[in-house]
Amino acid sequence: MAKVDVTPQEFVMVTFDAARIAELAAEVADKVGLPADTVLQLEVDEQEPLGRTTVLSIDPISIKVEGGAFEDAKRPRQMSDRGIVDVLGRLLFRIKDRLDPAFGSPPDDGELTMQQQTAWDAYAVGRAERAGLPTQKARRLYHFRNRHGFSDVADAVFARLWDADSLTWAEIETACTETASAREAVA
């Protein structure tokens with residue numbers, strides 16, 4: 001199982017448990033299929049109530065998370081196990097893709113278009129669901145439609161991404177081109 005280091009070890013502004021975060025992160029890494037000797041560094045910014053996540057490095061794996069990403073939406077300042085698993089499932093599947101030479105070479109996260117990001121997220125979260133992690137498919141579909149259009153073409157592309165087991169970056173780009181063409185045809 002992956003070795004997970006969580007910073008900070010003690011939270012003062014939110015009711016988070018570093019040991020529980022580490023436990024959940026290790027379980028998710030295992031379900032994603034990362035090697036057992038994986039080292040994962042998680043930095044949680046408890047002062048930030050927003051939910052932005054940033055992959056700082058993939059070797060070693062280092063992720064920075066704003067506290068809101070791990071917070072229970074119905075109980076402010078309280079940790080959400082489901083939220084942690086959801087966020088880390090998506091991120092770790094994307095990291096796994098980046099580590100796989102057969103996947104190709106996607107741009108750095110900061111250079112991804114919104115369409116590329118949501119398409120890749122659909123692919124990542126679909127695999128997370130099949131790995132037994134809790135997901136919110138309807139939420140992901142709505143987010144995808146907002147970026148790719150509310151159309152039969154966008155829905156079909158989402159379904160293809162969600163159900164896929166092994167795609168390349170080129171196939172994700174092709175999916176984005178498909179939805180862009182459908183949006184242009186309507187305009």
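Bear in mind the structure is a predicted one, so any value in this text is a computation, not a measurement.

1. As for the overall build of the protein
In step 1: Along the protein, the regular secondary structure elements total six helices and six strands.
In step 2: Element order for the protein, N to C, with α for helix and β for strand: β-α-β-β-β-β-β-α-α-α-α-α.
In step 3: For 187 residues, the compact-globule estimate of 2.2 N^0.38 gives 16 Å, and the protein sits close to it at 17 Å.
In step 4: Projected onto its principal axes, the C-alpha positions of the protein cover 55 × 35 × 30 Å.
In step 5: For the protein, the residues scored as buried account for 44% of the 187 residues in total.
In step 6: In the protein, 60% of the contacts between residues at least 6 apart in sequence involve partners at least 24 apart.
In step 7: Summed over its atoms, the accessible surface of the protein is roughly 9600 Å², and 49% of this surface lies on carbon and sulfur atoms.

2. Focus on the nonpolar core
In step 1: By size, the foremost hydrophobic cluster in this structure holds 36 residues, and its most contacted members are Val6, Ile21, Leu42, Ile63, Phe70, Leu88 and Leu92.
In step 2: Going through the elements one at a time, strand 1 (3-7), helix 1 (18-32), strand 2 (39-45), strand 4 (61-66), helix 2 (81-99) and helix 3 (114-130) are the ones with two or more residues in this core.
In step 3: The biggest single contributor to this core is helix 1, with nine residues.
In step 4: In contact with Leu88, not counting residues within four places along its chain, are Ala25, Val28, Leu42, Ile63 and Phe70.
In step 5: Ranked by size, the runner-up nonpolar core spans 20 residues in total, among them Ala119, Trp120, Phe158 and Ile172.

3. So, the sheet that holds strand 3 (residues 53-58)
In step 1: Read from one edge to the other, the open sheet built from four strands follows the order 1-2-4-3, with strand pairing classed as mixed. Each edge of the open sheet carries a strand with a single partner, namely strand 1 and strand 3. Direction aside, neighbouring strands of the sheet carry axes that sit 15 degrees apart on average.
In step 2: Pairing of strand 2 with strand 4, which is carried by six bridges, proceeds in the parallel orientation.

4. Here's the deal with the pattern of salt bridges
In step 1: With the rule as written, the count across this model stands at 16 salt bridges.
In step 2: Here Asp121 ties to Arg90 by a salt bridge, and the two come within 3.8 Å at their closest N and O atoms. Taken as a pair, Asp121 in helix 3 and Arg90 in helix 2 lie far apart in primary sequence, 31 residues in all. Each member of the pair, Asp121 as well as Arg90, is classed as buried.
In step 3: Overlapping salt bridges bring together Arg90, Arg94, Arg98, Asp109, Asp121 and Arg140 as one network.

Calculation notes
Residues numbered from 1 in each chain as written. Predicted model: local features only at pLDDT ≥ 70, side-chain atom pairs only at ≥ 80, totals over all residues. Heavy atoms only, no water. Helix = DSSP H or I, 4+ residues; strand = E, 2+ residues; numbered from the N terminus. Rg over C-alpha atoms; globule rule 2.2 N^0.38 Å. Buried < 20%, exposed > 50% of the residue type's maximum accessible area, 1.4 Å probe, protein only. Contact = heavy atoms within 4.5 Å. Areas by Shrake-Rupley, 256 points an atom, 1.4 Å probe, with all protein chains shown as cover. Core = buried A, V, L, I, M, F, W, Y, C linked by side-chain atoms within 4.5 Å. Pairing = 2+ DSSP bridges. Axes fitted to C-alpha atoms, helices over the stretch in contact; angles between N-to-C directions. Salt bridge = Lys/Arg side-chain N within 4 Å of Asp/Glu carboxyl O.

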